[in-house]
Number of protein chains: 2
Amino acid sequence: MLCCTGLLVCEWREPEELATLLDLELRENGEQQHQLLQRVRDVAKYSVKTNHPRFFNQLFAGVDYHALTGRFLTEALNTSQYTYEVAPVFVLMEDEVLSKLRSLVGWAQGDGIFCPGGTVSNMYAMNLARYRAFPEVKLKGQWALPRLAVFTSQESHYSVMKAAAFQGIGTENVFKVKVDDRGCMITDDLSEKIELAKSQGAVPFLVHATSGTTVQGAFDPLEPIADICDRQGLWMHVDAAWGGSVLFSKEHRHLMRGVERADSVTWNPHKMMLTGLQCSAILLKDTTDLLKRCHSADATYLFQQDKFYDMSLDTGDKSIQCGRKVDCLKLWLMWKAVGSQGLEERVDRAFAHTRYLVEKMKKREGFQLIGKQPEFVNVCFWFIPASLRGKENSPDYQDRLSKVAPVIKERMIKQGTMMVGYQPQGGRVNFFRMIVISPQLSYKDMTFFLDEIERLGNNL
Amino acid sequence: MLCCTGLLVCEWREPEELATLLDLELRENGEQQHQLLQRVRDVAKYSVKTNHPRFFNQLFAGVDYHALTGRFLTEALNTSQYTYEVAPVFVLMEDEVLSKLRSLVGWAQGDGIFCPGGTVSNMYAMNLARYRAFPEVKLKGQWALPRLAVFTSQESHYSVMKAAAFQGIGTENVFKVKVDDRGCMITDDLSEKIELAKSQGAVPFLVHATSGTTVQGAFDPLEPIADICDRQGLWMHVDAAWGGSVLFSKEHRHLMRGVERADSVTWNPHKMMLTGLQCSAILLKDTTDLLKRCHSADATYLFQQDKFYDMSLDTGDKSIQCGRKVDCLKLWLMWKAVGSQGLEERVDRAFAHTRYLVEKMKKREGFQLIGKQPEFVNVCFWFIPASLRGKENSPDYQDRLSKVAPVIKERMIKQGTMMVGYQPQGGRVNFFRMIVISPQLSYKDMTFFLDEIERLGNNL
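This is a predicted model, so every value here is computed, not measured. (Residues numbered from 1 in each chain as written. Chains lettered and ligands numbered in written order. Predicted model: local features only at pLDDT ≥ 70, side-chain atom pairs only at ≥ 80, totals over all residues. Heavy atoms only, no water.)

## Some remarks on the side chain of His270(B)
Residues and elements named next belong to chain B.
For step 1, the next point in the chain: In this fold, His270 is placed in the loop between strand S7 (264-267) and strand S8 (280-284).
For step 2, the next point in the chain: Within the local environment of His270, its side chain forms a polar contact with the backbone nitrogen of Cys279, the two atoms lying 2.9 Å apart.
For step 3, the next point in the chain: Residue contacts for His270: discarding those within four places in its chain leaves Phe60, Thr275, Gly276, Leu277, Gln278, Cys279 and Ser280. (Helix = DSSP H or I, 4+ residues; strand = E, 2+ residues; numbered from the N terminus. Polar contact = N/O pair within 3.5 Å; in protein donor to acceptor, adjacent residues only side chain to side chain. Contact = heavy atoms within 4.5 Å.)

Dropping the structure here:
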């Protein structure tokens, strides 16, 4: 199940059929062991094999067996990360892992915490930025504040909008900054948007930059953004959920030049680093205990003030959660196993694979890259079936092209040979986004990928 | 490691010593396999054995091996719950499990989602309540709204305060309603607090009731609370993170009489049902797609509108998260294995164990229960060492009593024989809170518990 290329990536079933096959209903009486074993086999059989080398569909893929061991051990030990009392090993381990991630950002000190996913990490940044600017918000709520304004690029992750809605800031107060062709924030437009917000009476407090956008894998220019944040006194957050792992690589970390000037960074090792869902850190430059001051609720039943050990070890008051899953062990164990060097190699290999794929693609008719060369490991392209080649100027070209990717995708999933995502973006009709991360990926798989897109789409 | 009573519950080490033992540092180079195996053994050795039958410290404990199998399988399959495309089995399974939980609440229809913990589930309720009352908040933020007011009991979980801070409502707008001796909300005071809030110009929108408070395990009276919510047009949320599992039991579900009148319910099967962290559901009576309308961000790269299957199966727009861990499989597999009947027996057994323990406790000198009889499986008590017995009227009695539990706890942890929590609450000085849930628990363990408290505390 875990890595055989002989197996399909998915065994597609229509929802009604799948529900019947799985016999999902929960009943009054329990089942026999042989039935339960069959259920386990069925769950695995009809689930998508995200660790199959031909799964290119999401920003996670592949499997690292050391991390998987850490995940199994986490489940077996079943504890919550909130106090040293109940999670002594993991409180110390989280601190070490976060400190190591921070050092890659360029911070000798700071703070941070693991969160259930990048969106929540980004929400922490928004809440901390608001609290630093207006500490009274915790007690009094947003009414005590002027209307606030957040700035992020048009191609940033939708979690910024989710955060603004959830945290009472309002989605209309997220100002979308223009991007260039590659999807990188145009900083002149950031300055203009800040002035626009001010002219409307809103108070800017947060710039949410992105290192590795979801679709194109673009890196916003952090140095000029930091200059603007400095001048304006704004919290600078870098959403590097996807791109953060370039910091492991001496060759590629320049993509995030200036990140050390940020106030906070979101980084999801469960993406490129293959730790498995979920492993997302919010890292902070702050050394004033802002995280705890912002989120504490001083629950006496959990954080007794007369404990016999150093209560600053209890992380519960840093979190918006109460019970919090242990997310550090899987990353720690994998890191111990392969070293920083092994993680660096993994990043460099993904970039090399991407270059290889792009070169192959350029030589094949019918593959049209978005942009000249991907900045990261997102390879975005249109597949142009033979019937559409050379017809770029015909009036229905865009309309017909927009229908190509969905049909290829449907055929692909129904046959189960591989999985890759597509989407429209801005003025661009549906195009594929292939993600190259899995260390299980071979050159053969990449050739297969190109052949398979042709096979599935050539007659369209 | 998993269930042997011969082993200690914890092997206490001071943080500095533990850090050295674990050699936490992450280095440039990887390690050999034998070193890694030693690390895995050390992590297990120094971690708290939360599945030890003498772990009484939190609202989770014990292990169910079917659930654990589900957790291992979840980790091996490593997918995200957001689309049918990438999680076909789990999208359908989550729907079935949620529907079954809702039917126990008393709802034939409705909505819901699994969240990373009860606090986040409670935050969903707060956001949904706000959005139903003022849909413009999503776009415009809290500034477009009048000052809002939330009502909850003095003994409700601290997540209400965390939610109010995080979501821009403000902690001073949480009105704390008085409780009776058992910790149950006094509904006359709820009515008074609602009038108080109105007199201050705030607009009530949410009553956050509790079924199973954290410390005393109290159940708020849901019927009269529902009457008040009906009359005032308020969203009624029931935080049954801890107590919800009584709904499995024909004998004990009366504790939540009236829950079907609520708008939303938080329920954490990872607590009494032993699914393992995390498994928390927010259940909704709503059938108007409120969850999706409130949380959607319409990300075209994930939720393409030209998919070949029914896109209403994609749950991503219901969630505030993007990637979301699969939390349904562990509960589903356990439920399949033991049936509703097996789960009911588990709940009934915990109540029976609690009664047994309480009867034993009443017969022992030095054990003084808080209240006459626990409503639930939280057994709250003071241990009165011989030196303090009969001295209730001496001026330093409370002060001396307050120091007993911390010392016993310190000795207990350093010897590792068992773990139980303590806290002060309201006017009560430090008392123990023992939680009886583990099916691995025997009468012998309960006798051991009482003996051990005496052994550790009698000379104080």
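## Here's the deal with the packing of aromatic side chains
All names here are of chain A.
For step 1, the next point in the chain: Under the criterion given, the structure shown has 42 aromatic pairs over all chains.
For step 2, the next point in the chain: Three or more aromatic residues joined by ring pairs make a cluster, and in this case those are Phe56, Phe367, Phe381, Phe383, Phe432 and Phe449.
For step 3, the next point in the chain: Here Arg54 stacks its cationic end above the ring of Phe448, 3.7 Å away from the centre of that ring. (Phe/Tyr/Trp six-rings, centres within 6.5 Å; stacked < 30°, edge-to-face > 60°. Lys NZ or Arg CZ within 6 Å of the ring centre and 35° of its normal.)

## Thoughts on the pairing of strand S6 (residues 235-239) of chain A
Residue and element names in this part refer to chain A.
For step 1, the next point in the chain: Across the five residues of S6, five count as buried, placing the element largely inside the fold.
For step 2, the next point in the chain: Residues Trp235, His237 and Asp239 of S6 are buried on one face, and the alternating residues Met236 and Val238, pointing to the opposite face, are buried as well.
For step 3, the next point in the chain: Here five bridges tie strand S5 (residues 203-210) to S6, and the two strands are oriented parallel to one another. In the sheet register, His208 faces S6, and the bridge partner there is His237.
For step 4, the next point in the chain: Each parallel crossover has a hand, and for S5 linked through helix H9 (residues 222-232) to S6 it is right-handed.
For step 5, the next point in the chain: Of the pairings in the sheet, the one linking S6 to strand S7 (residues 264-267) comprises three bridges and is parallel in character. The residue bridging Asp239 from the neighbouring strand is Thr266, located in S7. (Buried < 20%, exposed > 50% of the residue type's maximum accessible area, 1.4 Å probe, protein only. Pairing = 2+ DSSP bridges. Right-handed = clockwise from strand over helix to strand, strands pointing away.)

## Some details on the interface of chain B and chain A
For step 1, the next point in the chain: Contacts between the two partners involve 136 residues from chain B and, on the opposite side, 136 residues from chain A.
For step 2, the next point in the chain: Counting each side, the surface lost to burial between chain B and chain A is near 11,700 Å², with a carbon and sulfur contribution of 62%.
For step 3, the next point in the chain: The three residues of chain B that bury the most area against chain A are Leu26(B), Trp143(B) and Phe166(B), which together make up 8% of that side's buried surface.
For step 4, the next point in the chain: At the junction of chain B and chain A, the tally comes to ten salt bridges. (Buried area = accessible area lost by both parts, 1.4 Å probe. Salt bridge = Lys/Arg side-chain N within 4 Å of Asp/Glu carboxyl O.)

## Remarks on the sheet that holds strand S3 (residues 148-153) of chain A
All names here are of chain A.
For step 1, the next point in the chain: On the basis of which strands lie adjacent, the open sheet formed by seven strands has the order S2-S8-S7-S6-S5-S3-S4 and mixed pairing. Of all the strands in the sheet, just strand S2 (111-115) and strand S4 (174-177) have a single pairing partner and so form its edges. On average, each strand axis in the sheet is tilted by 20° relative to the strand beside it, whichever way the strands run.
For step 2, the next point in the chain: Where helix H4 (residues 88-105) meets the sheet, it contacts S2, S7 and strand S8 (280-284), and its direction lies at approximately 115° from that of S2. (Axes fitted to C-alpha atoms, helices over the stretch in contact; angles between N-to-C directions.)

## As for the relation of the copies chain B and chain A
For step 1, the next point in the chain: You can overlay chain B on chain A at an RMSD of 0.0 Å; the transform is a turn of 180° with a shift of 0.0 Å along its axis. Considering both components of the superposition, the chain copies are consistent with a two-fold axis. Among all residues of chain B, the one whose C-alpha sits closest to the rotation axis is Gln167(B), at a distance of 2.0 Å.
For step 2, the next point in the chain: Same-surface contact between copies: 99% of interface residues of chain B are shared with the interface of chain A. (Least-squares fit on C-alpha atoms with pLDDT ≥ 70 in both.)

## Quick notes on the pattern of salt bridges
Residues and elements named next belong to chain B.
For step 1, the next point in the chain: Applying the stated criterion across every chain, the model contains 70 salt bridges over all chains.
For step 2, the next point in the chain: Residue Arg182 is joined to Glu375 by a salt bridge in which the shortest nitrogen-to-oxygen separation is 3.9 Å. Here Arg182, found in the loop between strand S4 (174-177) and helix H8 (187-199), pairs with Glu375, found in the loop between strand S9 (367-369) and strand S10 (378-383); they are 193 residues apart in sequence, far enough to count as distant.
For step 3, the next point in the chain: The exposure class of Arg182 is partly exposed, given its relative accessible area of 46%.
For step 4, the next point in the chain: The class for Glu375 is partly exposed, based on a relative accessible area of 22%.

The values reported here are purely geometric and, on their own, carry no functional implication.
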